[in-house]
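Listed below are the residues making up each chain.
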Amino acid sequence: MKIYADTANIEEIKNIAAMGLLDGVTTNPSLVAKEKGEFKEIMANICEAVNGPVHAEPVSLEAGPMEKESRELAEIHKNIVVKIPMIPTGLAVCKKLSQDDIPVNITLVFNATQALLCAKTGAAYVTPFLGRLDDISNIGVEMLSDIIQIYENYAFETEILAASLRHPVHVLEAALAGADIATIPAKVFHQLFKHPLTDRGIEAFLSDWEKAKK
Ligand code: E4P
């Protein structure tokens, strides 16, 4: 399973990249809005910091402006993936961009039939949101498993990018279900390292070592 950072914060991204664990980055307008600076410059800086796909989302919803904005984003860097919402105009734009070899991620996917349509339009990635479904008492991982089953049935090549992962158990669920990619906020990424027995074990080893030296 590839691991992406779900953030537009350059320091968080550099920090995770320095550990050698970063396969890519996802952003969305809400994440970019938290950062200082101009949108395209933020995305260009992220592309320089990451050796992998960087997902950037246009904000236009009409087909023409969405396509124009998407093509401009794709010109920022060869690693840009355009992230387009799951709406009819989005899928039409996805088809056109995909035919021109611009990779597209269809985002805001909340059920498996939406994901079926994404694969049929030639999307390179589909982004099901687990956490936001859990928020409304649906079971996000069940949707993810359904999508994986459907994509296996028809050998679709669209990569499944599990998103809206809010805690380590969401990462576990994504990995057990077989998501291609999990995109993880920096806080959750750091939580993945932690186990009290690891910390206690290190303390005991070092303390035994010190005692033996005396
Ligand atoms: C990433 O692609 C999504 O935009 C993000 O994971 C959404 O997360 P949230 O539901 O916690 O805002």
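This text gives an overview of the structure that appears in the document. Here the structure is a predicted model, which is why all the values come from computation and not from measurement.

Below, the discussion takes up the pattern of salt bridges. Enumeration over the complete set of coordinates arrives at 11 salt bridges. Measuring nitrogen to oxygen at the nearest pair gives 3.0 Å for the salt bridge that ties lysine 96 to glutamate 67. With lysine 96 in helix α5 (residues 88-99) and glutamate 67 in helix α4 (residues 63-74), this pair connects stretches of sequence that are 29 residues apart. Judged by relative accessible area, which is 16%, glutamate 67 ranks as buried. Two residues, lysine 213 and glutamate 210, come together in a salt bridge whose shortest N-O distance is 3.7 Å. Of this pair, lysine 213 and glutamate 210 are both found in helix α11 (residues 196-213), three residues apart, which corresponds to roughly one turn of the helix. The partly exposed category is assigned to glutamate 210, whose relative accessible area is 39%.

A few words on the nonpolar core. Counting 56 residues, the largest nonpolar core has Ile46, Ile106 and Cys118 as the members making the most contacts within it. Per-element accounting of this core gives the leading share, six residues, to helix α8 (residues 140-154). Aside from chain neighbours lying at most four places away, what touches cysteine 118 is Met86, Leu91, Ile106, Val109, Ala123, Val126 and Tyr151. If you look at the next biggest cluster of nonpolar residues, it comprises seven residues, including Val81, Tyr125, Leu161 and Ile181.

Analysis parameters
Residues numbered from 1 in each chain as written. Predicted model: local features only at pLDDT ≥ 70, side-chain atom pairs only at ≥ 80, totals over all residues. Heavy atoms only, no water. Salt bridge = Lys/Arg side-chain N within 4 Å of Asp/Glu carboxyl O. Helix = DSSP H or I, 4+ residues; strand = E, 2+ residues; numbered from the N terminus. Buried < 20%, exposed > 50% of the residue type's maximum accessible area, 1.4 Å probe, protein only. Core = buried A, V, L, I, M, F, W, Y, C linked by side-chain atoms within 4.5 Å. Contact = heavy atoms within 4.5 Å.

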